[in-house]
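# Tertiary structure, described
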Amino acid sequence: MSDQILVSRAGGVRRITLNRPEKLNAMTGEMAQAARSAFEEAAGDSETRVVLLTGAGRAFCAGQDLAESAIRPGRDLGAWLERSYNPLVRAIRGIEKPVLARVNGVAAGAGANLAFACDIVVASESAQFVESFSRIGLLPDSGGTWMLPRLIGNARAVAVSMLGSPITARQAHEWGAIWRVVDGDELDGVCDELARTLAAAPPKALAAIKSATARAWEQNLDAQLDLERELQRALGATADYREGIEAFSEKRAPVFRGE
Ligand code: T3D
């Protein structure tokens, strides 16, 4: 594993830290590939029930490392995306476990869109999201053109993408792009508590919520009702559902095992 990514696990919570603090965690190809591997490992680890993505130091991620030779003008940026960000975004969206973004500082370019790809985003008051691509002659990638209109509406998505103007954490919250904005000194407590709560929740139900809400963007209500029927049928047969019902009637906290 590259030292540009730190991975640790405590209980059911796997923490993936982007680790180039002196460059605001600007993403190299090595880092993108290591992050993707970390998500794939998390997907295959039965002990991991939630993944927390964050950055070391004062930033979350400043996007693509602009000094990297692979993205020099004239190089094939499409091929670069296929090697770096596209697999990473697919890994974040595809993992059947909740992904929590702890946005501790600026999230720019691909870094902003990696945060927006996560299931639940908590940002520090001082954080900001910058769709900085147009400043260097590019369009938002890493899913930005897909996620932004859905998260904040078309008018805002087009404006922030064209202008590259920073979205403050507070504004991102008001626009519905992120779950919470908290004081910097509360960020760890809030994220740890959320991660623990998600780690104790029924994994199959969370996976179904993740996949069903993703599908809802793509299909009509009729098809979505069919999907809910099938997913609920499967969940209704799980041991965790039985446990949830029993715990409710016995007035105790449920213990969900993902079975
Ligand atoms: O294939 C493709 O499509 C290409 C992929 C594109 C995906 C993208 O992500 S494109 C967008 C890339 N990101 C940016 O354009 C953001 C560039 N950075 C900034 O605008 C600013 O650094 C920030 C607004 C993020 C933060 O500003 P500030 O004033 O807090 O910090 P700073 O002083 O600018 O940066 C601190 C250091 O980090 C500095 O290094 P130094 O001079 O101390 O050695 C700076 O150069 C470095 N850094 C910040 N961002 C990047 C970076 N180094 C390389 N690449 C960066 N993206």
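Thresholds, definitions, all that
- Residues numbered from 1 in each chain as written.
- Predicted model: local features only at pLDDT ≥ 70, side-chain atom pairs only at ≥ 80, totals over all residues.
- Heavy atoms only, no water.
- Pairing = 2+ DSSP bridges.
- Helix = DSSP H or I, 4+ residues; strand = E, 2+ residues; numbered from the N terminus.
- Near = heavy atom within 4 Å.
- Polar contact = N/O pair within 3.5 Å; in protein donor to acceptor, adjacent residues only side chain to side chain.
- Nonpolar A, V, L, I, M, F, W, Y, C, P; charged D, E, K, R; others polar.
- Contact = heavy atoms within 4.5 Å.
- Axes fitted to C-alpha atoms, helices over the stretch in contact; angles between N-to-C directions.
- Domains from an automatic or database assignment.
- Buried area = accessible area lost by both parts, 1.4 Å probe.
- Buried < 20%, exposed > 50% of the residue type's maximum accessible area, 1.4 Å probe, protein only.
- Lys, Arg positive; Asp, Glu negative; His and termini not counted.
- Salt bridge = Lys/Arg side-chain N within 4 Å of Asp/Glu carboxyl O.
- Core = buried A, V, L, I, M, F, W, Y, C linked by side-chain atoms within 4.5 Å.

The sheet contact formed by strand 1 (residues 5-10) and strand 2 (residues 13-18) spans 6 bridges and is antiparallel. Bridge pairing in strand 2 links Leu6 to Thr17. Hairpin connection between strand 1 and strand 2: a loop of 2 residues separates the two successive antiparallel strands, and Gly11 in this loop has a positive phi of roughly 60 degrees.

Right, let's talk about the site of the ligand for a bit. The immediate surroundings of the ligand are formed by 20 residues, with Lys23, Gln64, Leu66, Ala110 and Asp141 found nearest. A distance of 3.0 Å separates an oxygen atom of the ligand from a polar atom in the side chain of Arg58. A distance of 2.7 Å separates an oxygen atom of the ligand from a polar atom in the side chain of Asp141. If you tally residues by element for the shell around the ligand, the top one is helix 2 (residues 77-83), at 3 residues. When grouped by side-chain class, the residues that make up the shell around the ligand number 11 nonpolar, 4 polar and 5 charged.

Now for the sheet that holds strand 6 (residues 106-108). Taken in spatial order, the 4 strands make up an open sheet running 4-6-8-9, and their pairing is mixed. The outermost strands of the open sheet, each flanked by one partner alone, are strand 4 (59-61) and strand 9 (167-168). Against the sheet, helix 4 (residues 110-117) touches strand 4, strand 6 and strand 8 (128-130), its axis set at about 105 degrees to strand 6.

This part covers the domain arrangement of the protein chain. For the protein chain, the domain assignment lists domain 1 (5-199) and domain 2 (202-250). Look at where the C-alpha atoms of domain 1 and domain 2 centre, and you get two points 27 Å apart. Contacts between domain 1 and domain 2 engage 12 residues on the former and 5 residues on the latter. Taken together, both faces of the contact between domain 1 and domain 2 bury some 730 Å²; the carbon and sulfur share is 62%.

Right, let's get into the side chain of Glu131. Within the secondary structure, Glu131 sits in the loop between strand 8 and helix 5 (144-152). Lacking a salt bridge, the buried Glu131 has Arg135 as its closest oppositely charged neighbour, with an N-O distance of 10 Å. For Glu131, the side chain forms a polar contact with the side chain of Asn113, separated by 3.2 Å. Not counting chain neighbours up to four residues away, the residues in contact with Glu131 comprise Ala112, Asn113, Phe116, Pro140, Leu148, Val160, Ser161 and Gly164.

As a further point, take the nonpolar core. Counting 52 residues, the largest nonpolar core has Met27, Phe39, Ile92, Val103 and Phe129 as the members making the most contacts within it. Counting 16 residues, the second-largest nonpolar core is a separate cluster that includes Val13, Ile120, Val182 and Leu198.

On to the pattern of salt bridges. The full count for this structure, using the stated rule, is 15 salt bridges. With a shortest N-O distance of 3.7 Å, Arg90 and Glu82 are connected by a salt bridge. Notably, a salt bridge pairs Arg102 with Asp188, separated by 2.9 Å at the nearest N-O pair. Here Arg102 is found in strand 5 (residues 99-103), whereas its partner Asp188 is found in helix 8 (residues 187-200), with 86 residues between them in sequence. Arg102 sits in the buried class, given a relative accessible area of 11%. It is possible to trace a salt-bridge network through shared partners that takes in Arg9, Arg14, Glu41 and Asp45.

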